[in-house]
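Now for the letters of each chain:
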Amino acid sequence: MKKPLLDVIFASEKRKNALLLLQEGPMQMKAILTCLGTTRQALLPQMRMLEDHYLIFHYEDTYELTSIGKLIADQMAPLVSTLNVLDNDLDYWGTHNLDFIPPHLLEGLHDLCSCKVVTPSIMEIYDVNKEFFECSRRSKSLTLGVTFLYPNFPEIYGEWIKSVEHLTFIASKDLFERIKLNYSNEFTKYIDTGKFDFFVYNNKMDFVSFGHNDHCSFFRLLLKTGEYDNKQLICCSSSAIKWNISLSDYYLKDSTPITELQPKP
């Protein structure tokens, strides 16, 4: 009697991982055992179950996905990757507001792999993340979506503008009003360098900040209650950077470019 496919796939780590592994193409048993870090004796019963349910077939000592197996593995991979991202720190993801993420990128949350949650000390709460700061100094480009300014922002932005070839700055409407009132001279200097593209997002920003450079992505999210949280998320995979680039493009689409500010007398 056949088992439900959900049980066949997810009730065993070995079966699940074997399916995902064979998504890369046919493999000999020896290579499968090496990749999964197991023994032939432990794996063979699991492979037989996958064969009995028409998910894989084998010839001699080589295993391959069936058409049904390929269909299922292609659907499984994003789900498993998403679960891995969330399992990395489920409390963080479960308590923070993700509504600022558009649906097509929320579906691609699995791209945010190699992420770590950073909790700064009390002395560092109002400081820029050191890893992101240094990575930005070593990058050609830098993009920021922000709703606030660090207390020492002239020093931080000054260093970045000296180092990068191009900096894209997306500010919330409230932050833009504050900049016009208090920091127009500083931002006029940034714009005049020709390396600083200033935008104002026309809608609500339900996050603290995000950014990406050539090496990593960075996020400060609000709690679901709307309260500020000092925890930071930094992701240093190429897929996370591409995901953040798409997020930036989404916000830029509804942003207004600012080419000049009225300097304070």
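Values in this document were obtained by computation on a predicted structure and should not be read as measured data.

Visitor: Explain the pattern of salt bridges here, please?
Guide: Note on pairing: side chains with opposite charge can pair once their charged atoms come close. One pass over the structure, following the stated rule, counts 10 salt bridges. Here R137 makes a salt bridge to E134, at a shortest N to O gap of 3.6 Å. Residue R137 and its partner E134 are located together in helix α8 (residues 130-137), separated by three residues, close to a single helical turn. The residue E159 makes a salt bridge to R137 at a minimum N-O spacing of 3.4 Å. Here R137 lies in helix α8 and E159 lies in helix α9 (residues 153-163), a separation of 22 residues in the sequence. Residue class for R137 comes out partly exposed when judged on its relative accessible area of 35%.

Visitor: Quick question: what am I supposed to make of the layout of surface pockets here?
Guide: The rolling of a water-molecule-sized probe over the atoms marks out the regions of remaining empty space. In this structure, the largest pocket occupies an estimated 160 Å³ of space. Lining the largest pocket, in full, are D127, V128, K130, F133, N152, E155 and I156. When grouped by side-chain class, the residues that make up the lining of the largest pocket number three nonpolar, one polar and three charged.

Visitor: I would appreciate a short explanation of the nonpolar core in the present structure.
Guide: Grouped burial of nonpolar side chains is what soluble globular proteins tend to show. Counting residues in each nonpolar core, the largest one holds 33 residues, and the members touching the most others are Y157, W160, F169, F187 and F198. Mapped by element, the contributors of at least two residues to this core are α8, β5 (141-146), α9, β6 (166-171), α10 (173-182), α11 (184-192) and β7 (196-201). It is α9 that contributes the most residues to this core, five residues altogether. With sequence-adjacent residues up to four places away left out, F187 is seen in contact with L149, F153, Y157, F169, I179, F196, F198 and L261. Within the second largest apolar cluster, 24 residues are counted, among which are Y201, F207, C235 and W243.

Visitor: Can you walk me through empty space enclosed by the protein in this structure?
Guide: Applying the stated criterion across every chain, the model contains two cavities of 30 Å³ or more. Counted as a void, the largest cavity has a volume near 100 Å³. Taken together, V128, F132, L144, V146, F148, Y150, Y157, W160, S209, F210, G211 and F218 make up the lining of the largest cavity. Contributions of two or more residues to the lining of the largest cavity are made by β5, α9 and β8 (209-212). Broken down by element, the lining of the largest cavity gets its largest block of residues, three residues, from β8. Split into classes, the residues belonging to the lining of the largest cavity amount to 10 nonpolar, two polar and no charged. Surrounding the second largest cavity, W93, L98, F100, I101, L112, F219, L221, L233 and W243 form its lining.

Cut-offs applied
Residues numbered from 1 in each chain as written. Predicted model: local features only at pLDDT ≥ 70, side-chain atom pairs only at ≥ 80, totals over all residues. Heavy atoms only, no water. Salt bridge = Lys/Arg side-chain N within 4 Å of Asp/Glu carboxyl O. Helix = DSSP H or I, 4+ residues; strand = E, 2+ residues; numbered from the N terminus. Buried < 20%, exposed > 50% of the residue type's maximum accessible area, 1.4 Å probe, protein only. 1 Å grid on protein atoms, 1.4 Å probe; cavity = no way out; pocket = protein on both sides within 12 Å on 5 of 7 lines; lining within 4 Å. Points joined across faces, edges and corners; volume = space filled by probe spheres on them. Nonpolar A, V, L, I, M, F, W, Y, C, P; charged D, E, K, R; others polar. Core = buried A, V, L, I, M, F, W, Y, C linked by side-chain atoms within 4.5 Å. Contact = heavy atoms within 4.5 Å.

Purely geometric stuff here, so don't read any function into it on its own.
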